[in-house]
Structures are given as C-alpha cells and as structure tokens.
Amino acid sequence: MEPFRFPGLPARVVFGHGTLAQVGDEMARLGRRRAVVLATPPQRGQAEALAAHLGERAAGVIAEATMHTPVAVTEGALARLRTLDADCLVAVGGGSTTGLSKALALRTDLDQIVVPTTYAGSEMTPIVGETRDGIKTTQTSDRIRPEVVVYDVDLTLGLPVPMSATSGMNAIAHAVEALYAEDRNPIVSLMAEEAIRALARALPAIAADPRDRAARSDALYGAWLAGACLGTVGMALHHKLCHVLGGTFDLPHAETHTVVLPHAVAYNALAAPEAMGRIARALGAEDAAQGLYDLARGLGAPTALAGLGMPEAGIERAAEAAVASPYPNPRPLAREGIRRLLDNAYHGRRPD
Ligand code: NAD
C-alpha cells in the first residue's frame, strides 16, 4: 500500500425516495428556523411546492439560478435574500442551482441544504465557479461546502433522458479522474470504482425506461459517490480541458464532459495502468477509453465537440490553454498530444 492521507468525507447525506419531506427535520437538526428555497426558473414549481410544505419555515423562493453562476445574478439574489428573514438556504436543482446557493453562502455564511436533481455532484464540493464579464473564476472555501445533502430519487424520475445521459457521464468523469489523482487514497478509489459501476449499469436502463426507480436510485447513488470523489481529491487533464472549453467557447457543461472523457482517458492510459484496469472492470469493458466511448454512444449522447458548437479553429487555442499552467496529471502535458486528443474529440472519432 502506498502512503496516503484521507481527509474525511464531505457532508451529511440523507438518501432515499421521498426524502424531500425530511428537509424541515434537517433544518431543525442544524438549529435553523427559516429557509430561502433556491431554483432555476424552470424548476420554480418544485421550489414553491417545497416552500408550501415547509410552511412557516419558508422565508421565500428565489428561482433565478443560471448556468455558470453569473455574479450579477448572485448579487440580485443577495439583495432579495437580505429583505427576507432567513437563516439558511435550501437549493433544489442541478449544478446551476447549487452554484447560486454556494455563491450566496460564500457571501453570507448561511448554512446550506442541497437537494440535487441531476448527477453533476457539485453538492459534495467546496468549490464554486463564478462568471463575471464572461470570465469564470473558481474559488474553494469551507463556507462553500453545503452542510447537508438530501438525495431524493423521486425528484430525478423526470430528468430527461439526454440530460440523464450527459449528467451521468459528467459524474463518471469525476470518478475516473479520482482513480488517477495525485492525492488519491484507497477509500476514494473504492468509491470511484463503485460510482462508475453503478452509473454504467444504471444509465442504459434509464435510457430504456426513464421512470425505472431502481435504475434512478443506482444512478443517484453513483452520482453521490462521484461527487464525493470530486470534493475530496484533485482532478486532472479531463476537468482542466472541460473548464477551458466551457469557458472559452461557452459549451454546455455535461455534454462537454461526455465528449471529452474517452479521449482524456486514452491520453492518460499508458501512464495510469492501475486506474485503467479499475475503470474497465467497473464498466465491464476490455479497455477503459473504448468502454467509455461505447457507453456514451449507446446512450445516444453527443460524441463530437463540433456538434456542441465549438469552432474548429478553437482546437489550437484550447490545446495552448490546456498546457499554459502546470497541474498534476499522470502523463506529462504535451501540446501536440493534447491537440490530437482535441481533434479526435472535435470530430467524434473513436479514441486512440
Ligand atoms: P443545470 O443545473 O444547469 O441544469 C440544467 C437544466 O436542467 C436546468 O434548467 C435545470 O433547472 C434543469 N433540471 C435539473 N434537474 C432537473 C430534473 N430533475 N428534471 C427536469 N429538469 C431538471 O445542469 P448541471 O449539469 O446539473 O450543472 C451544471 C453547472 O454546475 C455548471 O455551471 C457547472 O460548472 C456546475 N458544476 C459545479 C461543480 C462544482 O463542484 N463547483 C461540479 C459540477 C458542476
């Protein structure tokens, strides 16, 4: 066994069907009285239903969360929050809603209870990426990490199949990079392998029947594990590339992860043989990169950056940005190799 450090696990978790009804109990456990419920505009109805359920313990609803956590949106929400008599935040939604909650917690230090409805995993991390004038800046702080996460499988039954597929691949990406993280440890590696196994089994079943409760439960369980990996160990080339691509070309988050993952894994394959063996085993595939590509294709998910709106001329720019500042990665970062990786991902070729 190699030497390691295990920092502990990120947050208190409540997992099950119908657990949304336990949000009030979780507030009481934290010693909180009144919550502002956060959502995106399309999920306002879910936030209002929760507020109605909380009754006197709801201070109001702010349903303005948007992708990439724009500072202007946060400042508007903060002004509104200050007019409400609230002592905690409850976020119901995907990574965008969790992002607004984290940005508000960063500014107010209010406790957060997050109820995730996608598989993005942001709820388990102390990280927020905020956008100002088109530039995304990432911050890490203990204030940002939610205190409690309530996973309610029932809230994911209506997540559309295309979003389930890409959000699930986004979760798998966290687990994949945890297996070759520089600061990996045996517990997180167990969680990562189990996350990939659970998601790889669940996603095809969800594509066949989106209301399959057992598959939805497996997928959310995998997403929790994957989010915990993301919140505990450092990510590498894949996450860096997706950050660069998302920021530079305004590409959609989960779809970008889905397209890039098999290619980033192929790039790292020879430098991380143990991780590759564990990924392949969890997928039930011969080869990690090929198995991930086949999983995405089988789900009907996007496989080409071209289809997400990236300009072909952007390949050079992204390769440049990906090697501009050093970060840990199993295989040294070489501009030509990364350009080739991006070229394959751009055209949707099978990884090589
Ligand atoms: P999202 O939160 O933007 O959700 C996409 C859309 O789907 C939204 O309109 C949302 O309201 C809707 N939606 C969510 N759940 C639904 C459901 N169950 N049924 C129907 N509609 C639903 O997408 P996402 O992929 O969850 O999050 C992406 C964002 O999260 C990005 O900004 C990304 O940077 C961030 N993120 C941050 C971290 C972190 O650790 N800081 C980790 C992962 C993702």
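Residues numbered from 1 in each chain as written. Predicted model: local features only at pLDDT ≥ 70, side-chain atom pairs only at ≥ 80, totals over all residues.

Details of the site of the ligand
Argument step 1. In the vicinity of the ligand there are 29 residues, among which Gly94, Gly95, Ser96, Thr118 and Ser122 approach most closely.
Argument step 2. Contributions of two or more residues to the shell around the ligand are made by helix H4 (95–108), strand S6 (127–132), helix H5 (161–179) and helix H9 (253–268).
Argument step 3. Here the shell around the ligand takes four residues from H4, the largest share from any one element.
Argument step 4. Here the residues of the shell around the ligand are counted per class, giving 10 nonpolar, 19 polar and no charged.
Argument step 5. Here the shell around the ligand spans two domains, and each of domain 1 (12–156) and domain 2 (161–347) adds at least three residues to it. (Near = placed C-beta within 6 Å. Helix = DSSP H or I, 4+ residues; strand = E, 2+ residues; numbered from the N terminus. Nonpolar A, V, L, I, M, F, W, Y, C, P; charged D, E, K, R; others polar. Domains from an automatic or database assignment.)

Considering the packing of helix H3 (residues 71–83) against H4
Argument step 1. Contact geometry of H3 with H4 gives a least axis separation of 10 Å together with a crossing angle of 60 degrees. Crossing geometry of H3 relative to H4 is assigned as right-handed. On the side of H3, the interface is formed by Val73, Thr74, Ala77, Leu78 and Leu81, while H4 contributes Leu100, Ala103, Leu104 and Arg107.
Argument step 2. Considered class by class, the residues forming the contact of H3 with H4 number seven nonpolar, one polar and one charged. (Axes fitted to C-alpha atoms, helices over the stretch in contact; angles between N-to-C directions. Left-handed = near helix turned anticlockwise from the far one by under 90°. Contact = placed C-beta atoms within 7 Å.)

Some thoughts on the confidence of the model for the chain
Argument step 1. Looking at the chain as a whole, the pLDDT averages 97, with 100% of positions reaching at least 70.
Argument step 2. At the level of chain-chain contacts, confidence expressed as ipTM amounts to 0.99, with global pTM at 0.97. (pLDDT = per-residue confidence, 0-100.)

Digging into the domain arrangement of the chain
Argument step 1. When its domains are assigned, the chain resolves into domain 1 (12–156) and domain 2 (161–347).
Argument step 2. Here domain 1 and domain 2 have C-alpha centroids that lie 26 Å from each other.
Argument step 3. Between domain 1 and domain 2, the residue contacts involve 15 residues of the former and 21 residues of the latter.
Argument step 4. Each residue belonging to the side of domain 1 that touches domain 2 can be placed in one class, and the counts come to eight nonpolar, five polar and two charged.

Here's the deal with the environment of Pro311
Argument step 1. Residue placement: Pro311 occurs in the loop between helix H11 (288–298) and helix H12 (314–324).
Argument step 2. For the pair Pro311 and Phe249, spaced 62 residues apart in the sequence, the C-alpha separation amounts to 8.0 Å.

Observations regarding the packing of H9 against helix H13 (residues 335–347)
If you want to describe how two helices pack, look at the angle between their axes and the distance between the axes.
Argument step 1. Across the interface, H9 lies against H13 with an axial gap of 9 Å and an inter-helix angle of 145 degrees. Relative to H13, the crossing made by H9 is right-handed. For the pair formed by H9 and H13, the contact residues are Val259, Val260, His263, Ala264 and Tyr267 on the first element and Gly337, Leu341, Asn344 and Ala345 on the second.
Argument step 2. Looking at the contact of H9 with H13, its residues break down into six nonpolar, three polar and no charged.

Notes on the UniProt feature "domain: Alcohol dehydrogenase iron-type/glycerol dehydrogenase GldA" (unreviewed entry) in the chain
Argument step 1. UniProt tags residues 10–152 as "domain: Alcohol dehydrogenase iron-type/glycerol dehydrogenase GldA" (unreviewed entry).
Argument step 2. End C-alpha to end C-alpha, residues 10–152 measures 18 Å, and it is 32% helix and 30% strand. (UniProt positions renumbered as here; feature names shortened; annotations may be inferred.)

Quick notes on the pairing of strand S5 (residues 111–116)
Argument step 1. Most of S5 sits inside the fold, with five of its six residues counted as buried.
Argument step 2. Bridging between strand S4 (residues 88–93) and S5 involves six bridges; their strand directions are parallel. Looking at S5, one finds that Leu89 is bridged to Gln112.
Argument step 3. Following the backbone out of S4, through H4 and into the adjacent parallel S5, one traces a crossover that is right-handed.
Argument step 4. One ladder, built from two bridges, connects S5 with strand S8 (residues 148–152); its direction is parallel. The partner of Val114 across the bridge, within S8, is Val149. (Buried ≥ 20, exposed ≤ 12 C-beta atoms within 10 Å, placed from the backbone. Pairing = 2+ DSSP bridges. Right-handed = clockwise from strand over helix to strand, strands pointing away.)

Remarks on H13
Argument step 1. With 13 residues, H13 ought to run about 18 Å at 1.5 Å a step, and its terminal C-alpha atoms sit 18 Å apart, in line with that.
Argument step 2. Of all the residues in H13, the buried ones are Ile338, Leu341, Leu342, Asn344, Ala345 and Tyr346.
Argument step 3. On its buried side, H13 packs onto H9 and H12.
Argument step 4. Of the residues flanking the end of H13, it is Gly348, one or two places downstream, whose phi is positive at about 75 degrees. (Expected span 1.5 Å × (residues − 1).)

Some thoughts on the environment of Glu286
Argument step 1. Here Glu286 is to be found in the loop between helix H10 (273–283) and H11.
Argument step 2. The spacing of Glu286 and Met276 is 10 residues in sequence and 9.9 Å in space, taken between C-alpha atoms.

As for the environment of Pro162
Argument step 1. Mapped onto the elements of the fold, Pro162 is located in helix H5.
Argument step 2. With 15 C-beta atoms counted inside 10 Å, the residue Pro162 sits in the partly exposed group.
Argument step 3. Taking the C-alpha atoms as reference points, Pro162 and Leu299, 137 residues apart in sequence, are found 8.1 Å from one another.

With respect to the sheet that holds strand S2 (residues 35–38)
Argument step 1. Reading across the sheet, the six strands line up as S1-S8-S5-S4-S2-S3 and stay open at both edges, with parallel pairing between neighbours. The outermost strands of the open sheet, each flanked by one partner alone, are strand S1 (12–16) and strand S3 (58–62). Strand after strand, the sheet turns through a mean of 15 degrees between neighbouring axes, direction not considered.
Argument step 2. Pairing of S1 with S8, which is carried by five bridges, proceeds in the parallel orientation. Note on S8: the bridge partner recorded for Val14 is Val150.

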